[in-house]
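Listed here are the chains, written in short residue letters.
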Amino acid sequence: MYEQKYFIYFSKKSDLLIPGEKYYIVSCLKNISPISKDYFSEMKKLISYLGEENVYFSFMENGDSNDTTRDELKIFGDFLSSKKIPHKIVTEYVLELDH
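These numbers come from a predicted model, not from an experiment.

Rules of the game
- Residues numbered from 1 in each chain as written.
- Predicted model: local features only at pLDDT ≥ 70, side-chain atom pairs only at ≥ 80, totals over all residues.
- Heavy atoms only, no water.
- Pairing = 2+ DSSP bridges.
- Helix = DSSP H or I, 4+ residues; strand = E, 2+ residues; numbered from the N terminus.
- Right-handed = clockwise from strand over helix to strand, strands pointing away.
- Axes fitted to C-alpha atoms, helices over the stretch in contact; angles between N-to-C directions.
- Contact = heavy atoms within 4.5 Å.
- Phe/Tyr/Trp six-rings, centres within 6.5 Å; stacked < 30°, edge-to-face > 60°.
- Buried < 20%, exposed > 50% of the residue type's maximum accessible area, 1.4 Å probe, protein only.
- Lys NZ or Arg CZ within 6 Å of the ring centre and 35° of its normal.
- pLDDT = per-residue confidence, 0-100.
- Core = buried A, V, L, I, M, F, W, Y, C linked by side-chain atoms within 4.5 Å.
- Salt bridge = Lys/Arg side-chain N within 4 Å of Asp/Glu carboxyl O.

### Digging into the pairing of strand β3 (residues 87-90)
Bridge count for strand β2 (residues 55-60) against β3 is four bridges, and the pairing is parallel. Bridged to Phe57 within β3 is His87. At this point the chain moves from β2, through helix α2 (residues 69-82), to the parallel β3, and the crossover so formed is right-handed.

Following this line, the structure appears as structure tokens:
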């Protein structure tokens, strides 16, 4: 098993923020249970840093996780909804073919 941790750090808030800018945050996830506590904690820090009104989240988990990833995404989706933060969470296999 592996362990990964994700941390967000900026020396000053003004280092990255552009006034009025909106941020679209996209994640494709699979079997993140080992790191989910840290991952979602860091996402909440990112929201706080960027501002709830400035972020949009999109998460994709295509149905092949063998752990609680889908359940944890639903919990995080409920958190985003409670904050009225726009988001899209896909937790099923999606295949679109253009002919």
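Having put the structure on the table, let's press on.
### Side note on the sheet that holds β3
Think of a sheet as strands paired side by side through backbone hydrogen bonds, with each pair either parallel or antiparallel. Here three strands make up an open sheet; going across it, the order is β1-β2-β3 and the pairing parallel. Single-partner strands in this sheet number two, and they are β1 (23-28) and β3. Across the sheet, the mean angle from the axis of one strand to that of its neighbour is 10 degrees, orientation sign disregarded. Running over the sheet, α2 touches β2 and β3 and is turned about 165 degrees from β3.

### Examining the packing of aromatic side chains
Evaluated as defined, the whole model comprises seven aromatic pairs. Centroid distance Phe57 to Phe59: 5.6 Å. Interplanar angle 10 degrees. Geometry classified as stacked. For the pair formed by Phe57 and Phe59, the shared burial category is buried. Cluster of aromatic residues (ring-pair linked, three or more members): Tyr39, Phe40, Phe57, Phe59, Phe76 and Phe79. Sitting over the face of the ring of Phe79, Lys44 holds its NZ or CZ atom 4.5 Å from the ring centroid.

### Thoughts on the confidence of the model for the protein chain
Here the protein chain averages 83 in pLDDT, while 78% of its residues score no lower than 70. Looking over the protein chain, one finds the lowest element-wise mean pLDDT in β1, namely 92, and the highest in α2, namely 95.

### Some words on the nonpolar core
Counting 18 residues, the largest nonpolar core has Phe57 and Phe59 as the members making the most contacts within it. Every element with two or more residues in this core is listed here: α1 (36-50), β2 and α2. With seven residues, α1 is the single largest residue contributor to this core. Ignoring any residue separated from it by four or fewer positions in sequence, one finds Phe57 in contact with Ile25, Met43, Ile47, Leu80, Ile85, Pro86, His87 and Lys88.

### Notes on the pattern of salt bridges
Per the counting criterion, the structure on display carries five salt bridges. Between Lys45 and Glu42 there is a salt bridge whose closest N-O contact spans 3.0 Å. A residue pair is termed a helical-turn pair when its members lie 3 or 4 positions apart in one helix, as Lys45 and Glu42 do in helix α1 at three residues. Glu42 sits in the buried class, given a relative accessible area of 4%. For Asp78, the salt bridge goes to Lys74, with nearest N and O atoms at 3.2 Å.

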